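A closer look at the structure
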Amino acid sequence: QVQLVESGGGLVQAGGSLRLSCAASGLTFGSSAMGWYRQAPGKERELVAGISSGGSTNYADSVKGRFTISRDNAKSIVYLEMNSLKPEDTAVYYCKAVRSLRGYWGQGTQVTVSS
């Protein structure tokens, strides 16, 4: 059974930083593409950052230069380092794993950025 458990969310002031973690189990992590998504109230879920099994990364334009996605295959964890946070970054952040064309989601972690 695949499990993705996010942690690291919280309340931070604008300009601050947070690091999100997503611990995966029940899948071949090193062969899985991983991603961070977010969903703000009243908005659709959107891709924030993705990282392939080979380490290639991609980012939403809104977070380029501020967020960094990385992975530790030995620990089966994917990270999202978030710097220079803005109030518009406020959302529930979800981790997603994709393996063999199947997607798996975590339960989400709330990030709130105050102005």
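Below you will find a few notes about this structure. Small disclaimer: the values here were computed from a predicted structure and weren't measured.

The rules behind the values
- Residues numbered from 1 in each chain as written.
- Predicted model: local features only at pLDDT ≥ 70, side-chain atom pairs only at ≥ 80, totals over all residues.
- Heavy atoms only, no water.
- Helix = DSSP H or I, 4+ residues; strand = E, 2+ residues; numbered from the N terminus.
- Buried < 20%, exposed > 50% of the residue type's maximum accessible area, 1.4 Å probe, protein only.
- Polar contact = N/O pair within 3.5 Å; in protein donor to acceptor, adjacent residues only side chain to side chain.
- Contact = heavy atoms within 4.5 Å.
- Core = buried A, V, L, I, M, F, W, Y, C linked by side-chain atoms within 4.5 Å.
- Disulfide = S-S within 2.5 Å.
- Pairing = 2+ DSSP bridges.
- Axes fitted to C-alpha atoms, helices over the stretch in contact; angles between N-to-C directions.
- Phe/Tyr/Trp six-rings, centres within 6.5 Å; stacked < 30°, edge-to-face > 60°.
- Lys NZ or Arg CZ within 6 Å of the ring centre and 35° of its normal.

The next subject is the side chain of Thr109. One can find Thr109 in strand β11 (residues 109-114). According to the relative accessible area criterion, Thr109 is buried, its value standing at 12%. A polar contact of 3.3 Å, which involves the side chain of Thr109, links it to the backbone nitrogen of Gly9. For Thr109, the contacting residues outside a window of four places in its chain are Glu6, Ser7, Gly8, Gly9, Leu20, Ala91, Val92 and Tyr93.

Further remarks concern the nonpolar core. Met34, Trp36, Val78, Leu80, Met82 and Tyr93 are the most contacted members of the largest nonpolar core, which totals 28 residues. Elements supplying a minimum of two residues to this core: β3 (18-25), β4 (33-39), β5 (46-51), β7 (67-72), β8 (77-82), β9 (91-99) and β11. The residues touching Leu80, leaving out its near neighbours within four places in the chain, are Leu18, Arg19, Leu20, Trp36, Val48, Ala49, Phe67, Thr68, Ile69 and Tyr93.

For the coordinates displayed, the defined rule picks out 1 disulfide. The disulfide partner of Cys22 is Cys95, and the gap between their sulfur atoms is 2.1 Å. Every disulfide takes its handedness from the sign of the S-S torsion; for Cys22 and Cys95 that torsion is -80°, giving left-handed. On the criterion of sequence distance, the pair formed by Cys22 in strand β3 and Cys95 in strand β9 is long-range, its members being 73 residues apart. Overall, the relative accessible area of 0% leaves Cys22 in the buried class.

Attention now goes to the sheet that holds strand β1 (residues 3-7). With respect to topology, 4 strands assemble into an open sheet ordered β1-β3-β8-β7, the strand pairing being antiparallel. Two strands bound the open sheet, and with one partner strand each, they are β1 and β7. Neighbour-to-neighbour, the strand axes of this sheet turn through a mean angle of 15°, independent of strand direction. Two elements, β7 and β8, share 6 bridges in a ladder whose sense is antiparallel.

Here we come to the packing of aromatic side chains. What characterises a pair of aromatic rings is the spacing of the ring centres plus the angle enclosed by the ring planes. A complete count under the given rule lists 2 aromatic pairs for this structure. Arranged with centres 4.9 Å apart and planes meeting at 65°, the rings of Tyr37 and Trp105 form a pair that is edge-to-face. One end of the pair, Tyr37, is in strand β4; the other, Trp105, is in strand β10 (residues 102-105), with 68 residues separating them in the sequence. Measuring from centroid to centroid gives 6.4 Å for Tyr94 and Trp105, while their planes differ by 90°, and the two rings are edge-to-face. A residue pair is termed long-range when its members are at least 10 positions apart, and Tyr94 in strand β9 and Trp105 in strand β10 qualify at 11 residues. Exposure remark for Tyr94: the relative accessible area of 15% places this residue in the buried category. The class of Trp105 is partly exposed, set by a relative accessible area of 37%. Ring pairing ties together the aromatic residues Tyr37, Tyr94 and Trp105, which thus form one cluster. Stacked on the ring of Tyr94, the Lys or Arg Arg45 has its end atom at 3.7 Å from the ring centre. Sitting over the ring of Trp105, Arg45 keeps its end group 4.5 Å from the ring centre.

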